[in-house]
Amino acid sequence: MATVEMVRVYLTEHEGVLDAILHCLHDQHPVRGVTVFRGISGFGASGRMHEARWTDLSLDLPVVVEFFDDPGRSAEARTALQQWVSAGHIVHWSAEVNEATDEER
């Protein structure tokens, strides 16, 4: 097992920074991979609900960007993302990732 750092970035669609964040994580501070989750409901510190309803097509839903990499590389990426993300909206923790077996290499 190898130690990595997991990172989650919490946004809403209306913030309009997702493309910039993905570009940063792909081209400027490349990480192993990124997954973006679009929530159906959520709220943050403001208490304002963001939710998908059958009656409308909301473009202000919660979005979570998640990635992992070596702790040093993840730290560099986190620092770069701070220009687009409000304080308290990036969380990170240490994790273990399985390594490739001899047959997989």
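As a reminder, the structure under discussion sits directly above these lines.
Residues numbered from 1 in each chain as written. Predicted model: local features only at pLDDT ≥ 70, side-chain atom pairs only at ≥ 80, totals over all residues. Heavy atoms only, no water.

**Student:** What is the right way to look at the overall build of the protein chain in this model?
**Tutor:** Summing up its helical and strand segments, the protein chain has 2 helices and 6 strands in all. Overall, the protein chain shows an N-to-C arrangement of helices and strands of β-α-β-β-β-β-α-β. A total of 105 residues make up the protein chain; the buried ones form 30% of that total. The long-range share in the protein chain, meaning contacts at least 24 apart out of those at least 6 apart in sequence, stands at 74%. As displayed, the protein chain has an accessible area near 7100 Å², and 53% of this comes from carbon and sulfur atoms. (Helix = DSSP H or I, 4+ residues; strand = E, 2+ residues; numbered from the N terminus. Buried < 20%, exposed > 50% of the residue type's maximum accessible area, 1.4 Å probe, protein only. Contact = heavy atoms within 4.5 Å. Areas by Shrake-Rupley, 256 points an atom, 1.4 Å probe, with all protein chains shown as cover.)

**Student:** Is there a simple way to explain the nonpolar core in this structure?
**Tutor:** A general trend in soluble globular proteins is that nonpolar side chains are found buried together. Judged by nonpolar contacts, the single largest core of 15 residues is most densely connected at V9, L11, I21, L25, V65, F67 and L81. Mapped onto this core, the elements with two or more residues apiece are β1 (2–12), α1 (18–28), β5 (62–69) and α2 (71–81). The contacts of L25, once residues within four sequence positions are left out, are P30, V31, V34, V65, F67, A77 and L81. (Core = buried A, V, L, I, M, F, W, Y, C linked by side-chain atoms within 4.5 Å.)

**Student:** Help me understand α1 in this model?
**Tutor:** Turning to α1, its buried residues are I21, C24 and L25. The buried side chains of α1 occupy one side of the element, clustering within an arc of 85 degrees when seen end-on. Among the exposed residues of α1, those pointing more than 90 degrees away from its buried face are D19 and H26. As for α1, its buried residues are in contact with β1, β2 (34–38), β5 and α2. (Arc of directions from axis to C-beta.)

**Student:** What exactly am I supposed to notice about α2 here?
**Tutor:** An α-helical turn contains 3.6 residues, so a residue and the one three or four places further along point in the same direction. All of the buried residues along α2 are S74, A77, R78, A80 and L81. What you see down the axis of α2 is that its buried residues fit within an arc of 160 degrees, all on one side. Where α2 is buried, its residues contact β1, α1, β5 and β6 (90–97).

**Student:** Please clarify how the layout of surface pockets should be interpreted in this entry.
**Tutor:** Empty space among the atoms becomes visible once a probe the size of a water molecule is rolled across them. Volume-wise, the largest pocket comes out at about 380 Å³. Lining of the largest pocket is provided by 19 residues; of these, Y10, L11, T12, G44 and H89 occupy positions nearest its centre. Contributions of two or more residues to the lining of the largest pocket are made by β1, β3 (41–43) and β5. Here the lining of the largest pocket is built from residues that sort into 8 nonpolar, 9 polar and 2 charged. (1 Å grid on protein atoms, 1.4 Å probe; cavity = no way out; pocket = protein on both sides within 12 Å on 5 of 7 lines; lining within 4 Å. Points joined across faces, edges and corners; volume = space filled by probe spheres on them. Nonpolar A, V, L, I, M, F, W, Y, C, P; charged D, E, K, R; others polar.)

**Student:** Looking at this structure, how should I read the side chain of E66?
**Tutor:** With respect to the helices and strands, E66 occurs in strand β5. Here E66 falls in the buried class, since its relative accessible area comes to 17%. Reaching out from E66, the side chain makes a polar contact with the side chain of R8 at a distance of 2.5 Å. (Polar contact = N/O pair within 3.5 Å; in protein donor to acceptor, adjacent residues only side chain to side chain.)

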